[in-house]
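Below are the chains, spelled out letter by letter.
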Amino acid sequence: MTVDVERDVVLTVNGVPHEVTVPVRRLLSDALRHDLGLTGTHVGCEHGVCGACTVLVDGRPMRSCLMLAVQAAGSEIQTVEGLATDDGQGGQKLHPVQEAFRECHALQCGFCTPGFLMTIKAGLEDRDRSAEITEEEVDEIVGGNLCRCTGYANIKKAVRHAAATMQDGDR
């Protein structure tokens, strides 16, 4: 019996399809970083506990260290590299969550930041944006990610700031 050790897959990341040949047991986080060169996705615990590797798969936050690359074929993957948009003047416009992190000094060492950004983006887009965000919602959104620098106060402040910005953007 022959066992496939590699498979050709198309990974659509940040709107761009990439044809890659990956070992069938290659983690999505490793495929993003090593095969596609998208090093914004960080790998912390490699057990799905810390959330540093969080990416969006079809709009839902997923721990890319727990998902095989072949499982992501056919899905739309968004990484931190895909958050900012073209500003139409040759630069980029930060996503409201990125801008909130900058304004609220929610960055310390920055290792956990990509996972927090992706998790918060999904959490804020998944809620009723017409309502004020509650402290319980903020805790729920960031509760699955770890910051080893313990910068949670400013991260939570950034969530509230981004929620307000996104609420104003909808008006």
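Since the structure is predicted, the reported quantities are computational estimates derived from the model, not experimental observations.

Once that is clear, we can look at the pairing of strand E4 (residues 60–63). Bridge count for strand E3 (residues 54–57) against E4 is four bridges, and the pairing is antiparallel. When the sheet's bridge partners are listed, Leu-56 is paired in E4 with Pro-61. Remark: two residues form the turn of the hairpin made by E3 and E4, two consecutive strands paired antiparallel; Asp-58 in that turn has positive phi of roughly 50°.

Moving on, we come to the packing of aromatic side chains. Each aromatic ring pair is characterised by the separation of its centres together with the angle its planes make. All chains considered together, the criterion is met by one aromatic pair. Aromatic pair Phe-116 and Tyr-152: ring centres 6.5 Å apart, planes at 70°, arrangement edge-to-face. You can see Phe-116 sitting in helix H3 (residues 113–125) and its partner Tyr-152 sitting in helix H5 (residues 152–170), a full 36 residues away along the chain. Of the residues examined, Phe-116 reaches a relative accessible area of 0% and is grouped as buried. Overall, the relative accessible area of 27% leaves Tyr-152 in the partly exposed class.

Summed over all chains, the structure comprises zero disulfides. With no disulfide of its own, Cys-50 lies closest to Cys-45 among cysteine sulfurs, the gap being 3.8 Å. Considering cysteine sulfurs only, Cys-65 is the nearest to Cys-53, which forms no disulfide, with 3.6 Å between them.

All right, on to the environment of Gln-71 then. One can find Gln-71 in the loop between E4 and strand E5 (76–78). Gln-71 sits 23 residues away from Gly-48 along the chain, and the two C-alpha atoms are 16 Å apart. Only 2.7 Å separates the side chain of Gln-71 from the backbone nitrogen of Leu-68, close enough to count as a polar contact.

Let's shift gears to the domain arrangement of the chain. For the chain, the assigned domains are domain 1 (6–82) and domain 2 (85–170). Placing a centre on the C-alpha atoms of domain 1 and another on those of domain 2 gives a separation of 21 Å. If you look at the interface, domain 1 gives 19 residues, while domain 2 gives 15 residues. In total, about 1,300 Å² of surface goes out of reach between domain 1 and domain 2, with carbon and sulfur atoms giving 59% of it. The three residues of domain 1 that bury the most area against domain 2 are His-42, Cys-50 and Val-80, which together make up 34% of that side's buried surface. Taken together, the links from domain 1 to domain 2 amount to one salt bridge. In this structure, Asp-126 engages Arg-60 in a salt bridge whose closest nitrogen and oxygen atoms are separated by 3.6 Å. Applying the counting criterion to the domain 1 and domain 2 interface returns five residue pairs in polar contact (both at pLDDT 80 or more). Only E3 and E4 provide two or more residues apiece to the side of domain 1 that touches domain 2.

Each value, and the rule that gives it
- Residues numbered from 1 in each chain as written.
- Predicted model: local features only at pLDDT ≥ 70, side-chain atom pairs only at ≥ 80, totals over all residues.
- Heavy atoms only, no water.
- Pairing = 2+ DSSP bridges.
- Helix = DSSP H or I, 4+ residues; strand = E, 2+ residues; numbered from the N terminus.
- Phe/Tyr/Trp six-rings, centres within 6.5 Å; stacked < 30°, edge-to-face > 60°.
- Buried < 20%, exposed > 50% of the residue type's maximum accessible area, 1.4 Å probe, protein only.
- Disulfide = S-S within 2.5 Å.
- Polar contact = N/O pair within 3.5 Å; in protein donor to acceptor, adjacent residues only side chain to side chain.
- Domains from an automatic or database assignment.
- Contact = heavy atoms within 4.5 Å.
- Buried area = accessible area lost by both parts, 1.4 Å probe.
- Salt bridge = Lys/Arg side-chain N within 4 Å of Asp/Glu carboxyl O.

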